[in-house]
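# Geometric and topological summary
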Amino acid sequence: MFSDRRLHLKKPAEISLMRAAGVVVGQTLEALRAAVAPGVTTADLDALAEERIRASGAVPSFLGYHGYPASICTSVNDEVVHGIPGGRTLREGDLISIDCGAIVEGWHGDAAITVPVGEVEPRLLELARVCEEALWRGLAAVRTGGRLSDVSAAVETHVRGQGDYGIVEDYVGHGIGTQMHQPPNVPNLGKPGKGPRLQPGLTIAVEPMITLGSQDTDVLDDDWTVVTRDGGTAAHVEHTVALTETGPWVLTALDGGAAKFAELGIAVGGQGHQPVG
């Protein structure tokens, strides 16, 4: 699982460029969160995302990536990841995951949110909450001297403690920098103390994907959209984080992760104490 031990460590100036890309992603996702409503199409969301990204002086990471035809991924209900925006109209009670990436001066930011559409069943809200909390446990485990699997174990431990959720194994987090996907892979389950040792300059995207039901997935005929095999609803969230000399800095969170880390009793690293409005 952690066979590729290469780590692409970044210099502080490079992390600052990734922060610029991360802010574009974070602001775009907040605009998309506000736009989600019954009657909105996933194509509407994609158009808004591309406009916001380009207006910020950035380029969409996803558009054209291995032939992907849109600027964001919109995965609704049983769609786990990589859903292609189009004519689908959001309905009251849906749960949508939106994945977004942007490039600034050659450096990437990547993040995802899961958003309820109107009034949603409590169990779906709970699914999204557990997924979000697991993400932050994983981000908080990005500490100098730790091991990569500490991040995976933190995600899994939190999910397992919250209920009988499926944790998707076939799709994982990843290193990120001048490419959207770099080594190492960052699974969402595993035992602590394994894999590469974490050190300042590391930048990874942590992205839990959990389901109501089986963790097993299939890919639709479009060769992109990943769905749960049993039709259970899925949630997916993601942030890009850098490990700095002073701790983890969440590059795609507008406050750098300060508020969520404070709840967990740790300090944000880098320049995360300087929130972006």
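Here's a quick rundown of the structure.

About the criteria used
- Residues numbered from 1 in each chain as written.
- Predicted model: local features only at pLDDT ≥ 70, side-chain atom pairs only at ≥ 80, totals over all residues.
- Heavy atoms only, no water.
- Helix = DSSP H or I, 4+ residues; strand = E, 2+ residues; numbered from the N terminus.
- Expected span 1.5 Å × (residues − 1).
- Buried < 20%, exposed > 50% of the residue type's maximum accessible area, 1.4 Å probe, protein only.
- Pairing = 2+ DSSP bridges.

Moving on, we get to helix H3 (residues 122–140). Working note: α-helix, 3.6 residues per turn, so residues spaced by three or four point in the same direction. End to end, H3 covers 27 Å across 19 residues, agreeing with the expected 27 Å (1.5 Å per residue, within 8%). Taken together, the buried positions of H3 are occupied by Leu124, Leu127, Ala128, Val130, Cys131, Ala134, Leu135, Trp136, Gly138, Leu139 and Ala140.

The next thing to look at is the pairing of strand S5 (residues 107–116). For a regular strand, side-chain orientation follows a simple rule: the groups alternate between the two sheet faces. A large share of S5 lies buried, amounting to 9 of its 10 residues. Note: strand S4 (residues 95–104) against S5, 10 bridges, orientation antiparallel. The partner of Ile103 across the bridge, within S5, is His108. Counting the residues in the hairpin turn of S4 and S5 gives 2 residues, including Glu105, whose phi is positive at 50 degrees.

This brings us to the environment of Gly232. Within the secondary structure layout, Gly232 lies in the loop between strand S12 (226–228) and strand S13 (234–236). Residue classification places Gly232 among the buried positions, given a relative accessible area of 10%. Counting along the chain gives 19 residues from Gly232 to Gly213, while the straight-line C-alpha distance between them is 5.6 Å.

We now examine the pairing of S4. When you tally the buried positions in S4, you get 9 out of 10 residues, the bulk of the element. Sheet topology places strand S1 (residues 59–60) next to S4; 2 bridges connect them, and they run antiparallel. What sits directly across from Pro60, in S4, is Ala102. Alignment of strand S2 (residues 72–76) against S4, held across 5 bridges, turns out to be antiparallel. Counterpart to Val76 in the pairing with S4 is Ile96.

Attention shifts here to unusual backbone geometry. Omega for the bond connecting Pro183 with Pro184 falls within 30 degrees of zero, at 5 degrees, which places this linkage in the cis form. By the secondary structure assignment, Pro184 is in strand S8 (residues 182–186). Despite not being glycine, Asn77 shows a phi value in the positive range, around 60 degrees. Among the structural elements, Asn77 can be located in the loop between S2 and strand S3 (79–81). The class for Asn77 is buried, based on a relative accessible area of 15%.

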